[in-house]
Amino acid sequence: MARKPLIAGNWKMNKSRSDLQEYFVSYFAALGENLQKVLDNIDVMFAPPAIFLSDCKQLTSEKNIKLGIQNLFFEKSGAFTGEHSIGMAKDFDVSFPIVGHSERRQFFGESDEIIGKKVSACLEHGLKPILCVGETLEERKEQKTHLVIEKQIKLALSGLGNCEGLVVAYEPVWAIGTGLSATSKEAQDVHGFIREMMSGLFGGKVAEKVRILYGGSVSPINARELLEQHDIDGALVGGASLRPLDFAQITMSAYEVVS
Ligand code: PGA
């Protein structure tokens, strides 16, 4: 893997404040004596509910752990009830905002246009947005996967001159939370396609640097094989990231692949 892997945990709307300390104690203990080496070679990110960012920052300080936020808004400030700004995220040392997750698209009506605005605003302010794309089961059955991904990426990145810092996550909607991951071959096929697209949009050199994560039922059982694929540079993990031992095993798989 030419690119530094990123293993990202998306906790979604889960956990309570009182779970946090035990979680991180277990996660770090599970990595054991490898902890330092692993965190030197792999980027590990947690995206808790935003209200827990301060606690998570404290509980992971002194370790080289990155923080994410599950959503943010592109405006600087103002009357946008319920939203968080880029500045607020930066106040808590967030480096990886998740943008355009399929649950945001599906339940909160986020359009490719809004997602594009979020991506540009993040990049402009030095954050590394994780742009999520992926097809539904119906679209896959109709063999529209590449078409859908192409449209989502083009709309989200149109007008962007420079994509330095951008991370793309391929998350087939049918694989999210279902226990039914894409096979490594299916995932590699789409990741290769995304890299080709990035090359067309930003040039080959830039495309080689962009990290493309796979997300959708990543588990300790399938992580290694997925991460061994040439164009899979990490994982965006939902369910399994809620269990510290599972997430530690996934982190270790990424470490084993690069070492
Ligand atoms: P999952 O979620 O690992 O539970 O499938 C992945 C995601 O939604 O990012």
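Data block above holds the structure.
Our subject in this report is the structure included herewith.

What counts as what
- Residues numbered from 1 in each chain as written.
- Predicted model: local features only at pLDDT ≥ 70, side-chain atom pairs only at ≥ 80, totals over all residues.
- Heavy atoms only, no water.
- Helix = DSSP H or I, 4+ residues; strand = E, 2+ residues; numbered from the N terminus.
- Rg over C-alpha atoms; globule rule 2.2 N^0.38 Å.
- Buried < 20%, exposed > 50% of the residue type's maximum accessible area, 1.4 Å probe, protein only.
- Contact = heavy atoms within 4.5 Å.
- Areas by Shrake-Rupley, 256 points an atom, 1.4 Å probe, with all protein chains shown as cover.
- Core = buried A, V, L, I, M, F, W, Y, C linked by side-chain atoms within 4.5 Å.
- Near = heavy atom within 4 Å.
- Polar contact = N/O pair within 3.5 Å; in protein donor to acceptor, adjacent residues only side chain to side chain.
- Nonpolar A, V, L, I, M, F, W, Y, C, P; charged D, E, K, R; others polar.
- Pairing = 2+ DSSP bridges.
- Expected span 1.5 Å × (residues − 1).
- Arc of directions from axis to C-beta.
- Right-handed = clockwise from strand over helix to strand, strands pointing away.

**Some thoughts on the overall build of the protein**
Then comes step 1: A count of helices and strands for the protein gives 12 helices and eight strands.
Then comes step 2: Computed over its C-alpha atoms, the radius of gyration of the protein comes to 17 Å, within 12% of the 18 Å expected for a compact globule of 259 residues.
Then comes step 3: Principal axes of the C-alpha set define a box for the protein whose edges measure 45 × 45 × 35 Å.
Then comes step 4: Taken over 259 residues, the protein has a buried fraction of 53%.
Then comes step 5: Put simply, of all contacts in the protein between residues at least 6 apart along the chain, 73% involve residues at least 24 apart.
Then comes step 6: Just so you have it, the protein exposes about 12100 Å², and 51% of that area is on carbon and sulfur atoms.

**Some points on the nonpolar core**
Then comes step 1: If you look at the biggest cluster of nonpolar residues, it comprises 70 residues, and the most contacted ones within it are Tyr 27, Ile 194 and Met 198.
Then comes step 2: Broken down by element, this core gets its largest block of residues, seven residues, from helix 9 (residues 184-202).
Then comes step 3: Setting aside residues up to four positions removed in sequence, Tyr 27 forms contacts with Val 44, Phe 46, Ile 65, Pro 244, Phe 247, Ala 248 and Thr 251.
Then comes step 4: Ala 8, Ala 47, Ile 130 and Leu 213 belong to the second largest nonpolar core, which has 12 residues in total.

**Quick look at the site of the ligand**
Then comes step 1: Taken together, 13 residues are adjacent to the ligand, and Lys 12, His 101, Glu 171, Gly 177 and Ser 217 come closest.
Then comes step 2: At a separation of 2.7 Å, an oxygen atom of the ligand approaches a polar side-chain atom of Glu 171.
Then comes step 3: Between the ligand and Gly 239 there is a distance of 2.8 Å, counted from an oxygen atom to a backbone nitrogen or oxygen.
Then comes step 4: Expressed as a share of its isolated accessible area of 280 Å², the protein-covered part of the ligand is 95%.
Then comes step 5: Looking at the shell around the ligand residue by residue, the classes come out as four nonpolar, seven polar and two charged.

**Quick look at the side chain of Lys 118**
Then comes step 1: Here Lys 118 is to be found in helix 6 (residues 112-124).
Then comes step 2: A distance of 2.7 Å separates the side chain of Lys 118 from the side chain of Asn 71, its partner in a polar contact.

**What about the pairing of strand 7 (residues 211-215)?**
Then comes step 1: Taking burial as the measure, the five residues of strand 7 include five buried ones, the bulk of the element.
Then comes step 2: Along strand 7, one buried face is formed by Arg 211, Leu 213 and Gly 215 and the opposite face, lined by Ile 212 and Tyr 214, is buried too.
Then comes step 3: Across four bridges, the pairing between strand 6 (residues 167-170) and strand 7 is parallel. Across the sheet, Val 168 pairs through a bridge with Ile 212, a residue of strand 7.

**A word on helix 1 (residues 20-31)**
Then comes step 1: Over its 12 residues, helix 1 extends 17 Å from the first C-alpha to the last, a length consistent with the 16 Å expected when each residue adds 1.5 Å.
Then comes step 2: Along helix 1, the residues classified as buried are Leu 20, Tyr 23, Phe 24, Tyr 27, Phe 28 and Leu 31. One face of helix 1 carries all of its buried residues, which in axial projection span an arc of 115°. Opposite its buried face, helix 1 presents the exposed residues Gln 21, Glu 22, Val 25 and Ala 29, each directed more than 90 degrees away.
Then comes step 3: Where the residues of helix 1 are buried, they touch helix 2 (35-41), strand 2 (43-47), helix 3 (53-60) and helix 12 (244-258).
Then comes step 4: Downstream of helix 1 by a residue or two, Gly 32 has a phi angle that is positive, lying close to 55°.

**Remarks on the environment of Leu 157**
Then comes step 1: One can find Leu 157 in helix 8 (residues 145-157).
Then comes step 2: Remark: the alpha-carbon pair of Leu 157 and Leu 201, spanning 44 residues in sequence, is separated by 8.8 Å.
Then comes step 3: Setting aside residues no more than four positions away along its own chain, Leu 157 makes contact with Val 119, Leu 131, Leu 166, Met 198, Leu 201 and Phe 202.

**A few points about helix 12**
Then comes step 1: Between the first and last C-alpha of helix 12 there are 21 Å, a value that for 15 residues agrees with the 21 Å anticipated at 1.5 Å per step.
Then comes step 2: Every buried residue belonging to helix 12 is among Pro 244, Asp 246, Phe 247, Ala 248, Ile 250, Thr 251, Met 252, Ser 253, Ala 254 and Tyr 255, and all of these are buried.
Then comes step 3: Residues of helix 12 that are buried make contact with strand 1 (6-10), helix 1, helix 2, strand 2, helix 11 (223-227) and strand 8 (234-237).

**Comments concerning the pairing of strand 3 (residues 66-69)**
Then comes step 1: Relative to strand 3, strand 2 runs parallel, the two sharing two bridges. Note that in strand 3 the partner of Met 45 across the bridge is Lys 66.
Then comes step 2: Where the polypeptide runs from strand 2 across helix 3 and back to strand 3, its parallel neighbour, the crossover connection is right-handed.
Then comes step 3: Bridge count for strand 3 against strand 4 (residues 94-99) is three bridges, and the pairing is parallel. The partner of Leu 67 across the bridge, within strand 4, is Val 94.
Then comes step 4: Each parallel crossover has a hand, and the one from strand 3 via helix 4 (residues 86-91) to strand 4 is right-handed.

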